[in-house]
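Architecture and fold: a report
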Amino acid sequence: MTAEQRRNLHAFGDYVRKTLDPTFILSYMAPWFRDDEVQHIQAEKNNKGPTEAASLFLQFLLELQEEGWFRGFLDALNQAGYSGLCEAIESWDFQKIEKLEEYRSLLRRLQPEFKTTINPKDILPEIAECLISQECEEILQICSSKGLMAGAEKMVECLLRSDKENWPKTLKLALEKEESRFSELWMVDKGAEDVKMKDLEDDEMKTCDVQIFYKDEPENQNLSQNSCSSSEAPHTYSPLKPRNYQLELALPAQNGKNTIICAPTGCGKTFVSLLICEHHLKKFPQGQKGKVVFFAIQLPVYEQQKSVFSKHFERLGYKVAGISGATSDTVCVEQIVENNDIIILTPQILVNCLTNGTIPSLSVFTLMIFDECHNTSKQHPYNVIMFNYLDRKLGGSSDSLPQVIGLTASVGVGDAKNKAEATEYICKLCASLDTSVIATVRDNLEELEEVVYKPQKFFRKVELRTTDRFKCIISQLMMEIESLAKSIFEELGTITLGGLFQIQNSNFGTQKYEQWIVKVQKECAVFQMPDKDKESRICKALFSYMSHLRIYNDALIINEHARMKDALDYLKDFFRNIRAAGFDEIEQDLTQRFEEKLQELESISIDPSNENPKLRDLCFILQEEYHLNPETRTILFVKTRALVDALKKWIKENPKLSFLKPSILTGRGKTNQNIGMTLPVQKCVLDTFRTDKDNKILITTSVADEGIDIAQCNLVILYEYVGNVIKMIQTRGRGRARGSKCFLLTANADLIDKEKMNMYKEEMMNGAILILQTWDEAVFKEKVHQIQIREKIIRDNQGKPEPVPDKKTKKLLCKKCKAFACYTADIRMVEKCHFTVVGDAFRERFVSKLHPKPKSFGDIEKRAKIYCARPDCSHDWGIYVRYKAFEMPFIKIESFVVEDIATGVQTLHAKWKDFNFEKISFDAAEMAGGAQDLGLQGVGNLE
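From a predicted model like this one, the values you see are computed outputs, not experimental measurements.

Below, the discussion takes up the overall build of the protein. Along the backbone of the protein there are 33 helices and 25 strands. For the protein, contacts bridging at least 24 residues in sequence account for 72% of all contacts bridging at least 6. A total of about 42000 Å² of accessible surface is found on the protein, and carbon and sulfur atoms cover 49% of it.

As for its position among the elements, Val-156 is in helix α11 (residues 148-160). Between the C-alpha atom of Val-156 and that of Ile-139, which follows or precedes it by 17 residues, the distance is 9.9 Å. When residues no more than four places from it in sequence are discounted, the contact partners of Val-156 are Leu-107, Gln-111 and Phe-114.

All right, on to the sheet that holds strand β11 (residues 697-700) then. Sheet architecture is open: six strands sit in the order β8-β13-β12-β9-β11-β10, paired in parallel fashion. The open sheet has two edge strands, β8 (456-461) and β10 (663-665), and neither has a second partner. Adjacent strand axes in the sheet meet at a mean angle of 20°, parallel and antiparallel pairs treated alike. Each of β9 (634-637), β10, β11 and β12 (715-719) touches helix α28 (residues 641-653); the most contacted strand, β11, lies at about 155° to it.

All right, on to the pairing of β12 then. Burial analysis of β12 places five of its five residues in the buried class, the great majority of the element. Every second residue of β12 is oriented toward a common face, with Leu-715, Ile-717 and Tyr-719 on one face and Val-716 and Leu-718 on the other, all of them buried. For β9 and β12, the ladder comprises four bridges, and the chain directions are parallel. Looking at β12, one finds that Thr-634 is bridged to Leu-715. The sheet contact formed by β12 and strand β13 (residues 741-746) spans five bridges and is parallel. Bridged to Leu-715 within β13 is Lys-741.

So, on to a negative patch on the surface. On the surface, a cluster of negative charge is made up of Glu-334, Glu-338, Glu-831 and Asp-859. Following the sequence through the fold, Glu-831 ends up in the loop between β16 (827-830) and β17 (834-837). Residue Glu-831 is classed as partly exposed on the basis of its relative accessible area, which comes to 39%.

Attention now goes to the packing of helix α14 (residues 244-254) against helix α15 (residues 269-282). The interhelical angle for the contact between α14 and α15, taken along N-to-C directions, is 40°, at an axis separation of 9 Å. Considering their axes alone, α14 and α15 lie oblique with respect to each other. For the pair α14 and α15, the crossing hand works out as right-handed. Of the residues in α15, those in contact with Gln-246, Leu-247, Leu-249, Ala-250, Ala-253 and Gln-254 of α14 are Phe-271, Val-272, Leu-275, Ile-276 and His-279. Taken together, the residues of the contact of α14 with α15 sort by class into eight nonpolar, three polar and no charged.

Quick look at the confidence of the model for the protein now. Of all residues in the protein, 84% have pLDDT values of 70 or greater, and the mean over the chain is 82. Ignoring residues within four places in sequence, the model shows residues 704-709, a span with pLDDT below 50, making 27 contacts including any to other chains. For residues 724-736, every residue scores under 50 in pLDDT, and the model assigns this stretch 63 contacts once sequence neighbours within four places are set aside.

This part covers helix α4 (residues 50-63). With 14 residues, α4 ought to run about 20 Å at 1.5 Å a step, and its terminal C-alpha atoms sit 20 Å apart, in line with that. Listed as buried for α4 are Pro-50, Ala-53, Ala-54, Leu-56, Phe-57, Leu-58, Phe-60, Leu-61 and Leu-62. Elements in contact with the buried residues of α4: α1 (3-11), α2 (13-19), α3 (35-48), α5 (69-80) and α11.

For Leu-62, the location among the structural elements is in helix α4. The class for Leu-62 is buried, based on a relative accessible area of 19%. C-alpha of Leu-62 to C-alpha of Arg-6: the two residues are 56 residues apart in sequence and 6.8 Å apart in space. With residues up to four places along the chain from it excluded, the contact list for Leu-62 reads Arg-6, Leu-9 and His-10.

Further remarks concern unusual backbone geometry. In the Ramachandran plot, Lys-378 falls in the positive-phi region, its phi being about 50° despite a non-glycine side chain. With a relative accessible area of 72%, Lys-378 lands in the exposed category. Not every positive phi belongs to a glycine, and Lys-661 is a case in point at roughly 45°. Tracing the sequence through the fold places Lys-661 in the loop between α28 and β10.

Turning to the sheet that holds strand β25 (residues 920-921), a few remarks are in order. Within the open sheet, the three strands sit side by side as β17-β16-β25. Their pairing is mixed. Single-partner strands in this sheet number two, and they are β17 and β25. In this structure, β16 lies alongside β25, joined through two bridges in parallel fashion. The residue bridging Met-829 from the neighbouring strand is Ser-921, located in β25.

With that out of the way, let us pick up the packing of aromatic side chains. Under the defined criterion, the tally for this structure stands at 38 aromatic pairs. Between Phe-820 and Tyr-823, the ring centres sit 4.8 Å apart and the planes meet at 55°, which makes this aromatic pair tilted. On the basis of relative accessible area, Phe-820 is assigned to the partly exposed category, the value being 26%. Cluster of aromatic residues (ring-pair linked, three or more members): Phe-12, Tyr-15, Trp-69, Phe-70, Trp-92 and Phe-94. The ring centre of Phe-284 lies 5.8 Å from the NZ or CZ of Lys-283, which sits over that ring. Cation over ring: Arg-633 sits above Phe-689, and NZ or CZ is 4.4 Å from the ring centre.

Tracing the backbone shows Gln-246 in helix α14. The exposure class of Gln-246 is buried, given its relative accessible area of 1%. Among the polar contacts listed, one links the side chain of Gln-246 to the backbone oxygen of Cys-267, at a separation of 3.1 Å.

With that settled, the discussion passes to the pattern of salt bridges. Here the structure, examined in full by the defined rule, presents 54 salt bridges. Across the pair Arg-17 and Asp-14 runs a salt bridge whose closest N-O atoms are separated by 2.9 Å. Taken together, the positions of Arg-17 and Asp-14, both in helix α2 and three residues apart, correspond to about one turn of that helix. Exposure remark for Arg-17: the relative accessible area of 25% places this residue in the partly exposed category. A salt bridge links Arg-882 to Glu-887; its shortest N-O distance comes to 3.0 Å. Overall, the relative accessible area of 28% leaves Arg-882 in the partly exposed class. Overall, Glu-887 belongs to the buried group, its relative accessible area being 0%.

Judged by nonpolar contacts, the single largest core of 116 residues is most densely connected at Phe-114 and Trp-186. In terms of residues, this core owes the most to one element, helix α24 (residues 532-561), which gives 13 residues. If we skip the residues at most four places from it in the chain, Trp-186 touches Tyr-103, Leu-106, Leu-107, Leu-110, Trp-167, Pro-168, Leu-171, Lys-172 and Leu-175. Formed by 48 residues, the second largest nonpolar core is a distinct cluster that contains Ala-416, Ala-422, Met-764 and Val-784.

At a minimum axis separation of 9 Å, helix α9 (residues 120-127) and helix α12 (residues 167-177) run at an interaxial angle of 135°. In this view, α9 runs oblique relative to α12, as classed from their interaxial angle. As for how α9 packs across α12, the hand of that crossing is right-handed. Where α9 abuts α12, its residues Ile-123, Glu-126 and Ile-127 lie against Thr-170, Leu-171, Ala-174, Leu-175 and Lys-177. Grouping the constituent residues of the contact of α9 with α12 by class yields five nonpolar, one polar and two charged.

Criteria and thresholds
- Residues numbered from 1 in each chain as written.
- Predicted model: local features only at pLDDT ≥ 70, side-chain atom pairs only at ≥ 80, totals over all residues.
- Heavy atoms only, no water.
- Helix = DSSP H or I, 4+ residues; strand = E, 2+ residues; numbered from the N terminus.
- Contact = heavy atoms within 4.5 Å.
- Areas by Shrake-Rupley, 256 points an atom, 1.4 Å probe, with all protein chains shown as cover.
- Pairing = 2+ DSSP bridges.
- Axes fitted to C-alpha atoms, helices over the stretch in contact; angles between N-to-C directions.
- Buried < 20%, exposed > 50% of the residue type's maximum accessible area, 1.4 Å probe, protein only.
- Patch = residues over 30% accessible without salt bridge, like charges linked within 9 Å, V, L, I, M, F, W, Y side chains within 5 Å.
- Salt bridge = Lys/Arg side-chain N within 4 Å of Asp/Glu carboxyl O.
- Lys, Arg positive; Asp, Glu negative; His and termini not counted.
- Charge placed at Lys NZ, Arg CZ, Asp CG, Glu CD.
- Parallel < 35°, antiparallel > 145°, perpendicular 65-115°, else oblique.
- Left-handed = near helix turned anticlockwise from the far one by under 90°.
- Nonpolar A, V, L, I, M, F, W, Y, C, P; charged D, E, K, R; others polar.
- pLDDT = per-residue confidence, 0-100.
- Expected span 1.5 Å × (residues − 1).
- Phe/Tyr/Trp six-rings, centres within 6.5 Å; stacked < 30°, edge-to-face > 60°.
- Lys NZ or Arg CZ within 6 Å of the ring centre and 35° of its normal.
- Polar contact = N/O pair within 3.5 Å; in protein donor to acceptor, adjacent residues only side chain to side chain.
- Core = buried A, V, L, I, M, F, W, Y, C linked by side-chain atoms within 4.5 Å.

The structure is reproduced here in structure tokens:
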């Protein structure tokens, strides 16, 4: 080592102290360090932490005189995984590590929210490449021994020391993949302060936004004479004779008219769509063929419909295929559409294909069926597809357009206040779907009512506790925390956080209060001061206060709707985890305040006089219904996951109700407090509920975004749970057995009024449909046409101008190791959706391995996978293909970082369409000169 290197290492020692945990490299430094020095460094870490241990390590390091120790130190860093620090020391350029400081500062201030929100086990696989392997092991060990909060705190500690320049973005992607609400706060891009607040997830969802999609057992049972599963009788499909009301619903569509079919949940709308499809495909003369596309919004519904359509049509000699987001990357959409008669799609697939030109026009289809068609509004994929359709229709295109069919249990009325406004709303839906016929059951109503029973609706207004000492104590603690937070706002003087503290109105135990908390936290995340230490201290303190307010707010919601005991257990679990995870001064103070009130809270929570009147009433309803019918099957809807857990505990611990053996169903979103259910777990719960007769009640939140098939029940209880008219009709549709009942149980008279308003809107909707059905069809068509013209003018005026492609040449760097890959000037676009790189130089920068699933689609044959050529990287860059006469790589933009050559600013792009650079189309003539070099020898390095 030269004297200059020694001086530099001394000068840049702070970077080493902030980054290095020396205990991870000591084994590699054995030739230069004595055993007693190693033990001294390890003891320093155990007693004072990694920073002090790194200081001692540096002291010993700089005292070394042996030859080769500096090279040995660099090798040790590389071996242990400190590639960023090693690179910085080799070049004596610490700019990349220095740039991470702003993210470290942000993470420090967000630490209180991070540890109460994040499940470290979920995101660790996604960010492991940003950490040292021993750190990953320590995080998992702490999660197991001390709990998730402690594990999350350890993860923060490790990230703060990470030398990987991409860790902030990697963390962001991991959070988004896990649908973590913390991703709202972790903003890594410029302009992040403009990010809009996302809607709250499942357990914070506003009841007015609740959406519940059902696919029902009777619809499947209408498709075959026996209702065996495919595993029981895979070859016994036998068509069932359609009922008269189903023929009535299908008739307008079979006559070739664009139609919305509006019929109750459970009447067999899927079967009606099969009748329409079969008639449509058979009507074409010899030499012509029809092509049907069926859209399903949710993946479970897509899978169900694909199975149903395959069973029905493949026996008739038609080809059926499906494409969803889960399979679109591995198949050629264009080829599947071309080679099949019926294609089941999630709608975004077609939106993408129309955008990138894979499917040039909707004229390739002759019939489009939209399941849950009431969603055709705003920027929903259904509406985007219909924008394309209507632009062609109104633009006078000579292309033939497909027939359009919509299926729904309720077209809705929006904000209509009278029948005239409801009629206008439904006309707009018809205009969006280009339909002028609404098919409902009129001639065969008695037959329909024999199949689908409308449950009796009951309203139960219950009283709240006359006194609620628990709420008083918790509210007092929240006011104290607000005062502490307010003192920090006052400390800022003229610097404010947008006057945020004045927004809240101390309406504790509400969603509005939760939204205020989130807003303050988001402002804190981007708040800046000249004094960075003060900025960090203030923001971290505010996050601690807001995290505690959020937990108290949750507890008040549980207390209002369940037992005090459950609310107190929720708080005790939180503080137990806080204590295990680490204890700064603020948390010590807040914990002490809670513990001072704990004995009184314990006493209150076990006092029988504090029983929740709502639970008494719920218990009475359940006892009464099961006394009348011991075979009753119940679904209980509640607003939050915490309530799901609390009510399950209450039923199991209640000797009058424990025989119900409750099961629970929640959504897939995850937080540290509530781990969401995966789709397989959800299916397992539902299968058990369907088959296990001892399991008599299912407690669930809204699972709208999963589109789950819930077994038929004869008792539906809405526990403080009201949606809009569409959701009312669908939730009510859960109770379809003869004599079924639906109860709304609430202490809020406004909710009863809202549900009664929904019932009035349902009558208004039915009345408006009847009015429209009396209109002359030509008049209806003209009305629809005028709406379409008006909406197109609005749409065109609101249309965003196409961005001008950025023609500046940029670099693509390997996302993992930042090795240079190519310039954008060398990228060529193939068939509007694939991208290759021209020139021999790029071929030296990747290695290839035979593709594990080689396949061909169209002119493209997958041959190999390509990876970054750096031995210590091997990051997946894309595939190697044979395209027509050429061998070439296809790269995927998500594998690279784009660097602006002039500014050095780096950006990530998830999709090519999001990368606004000048896209030059592939030209075979340009490649001809290098065709020899690009020939089959291109796979010579395949392993």
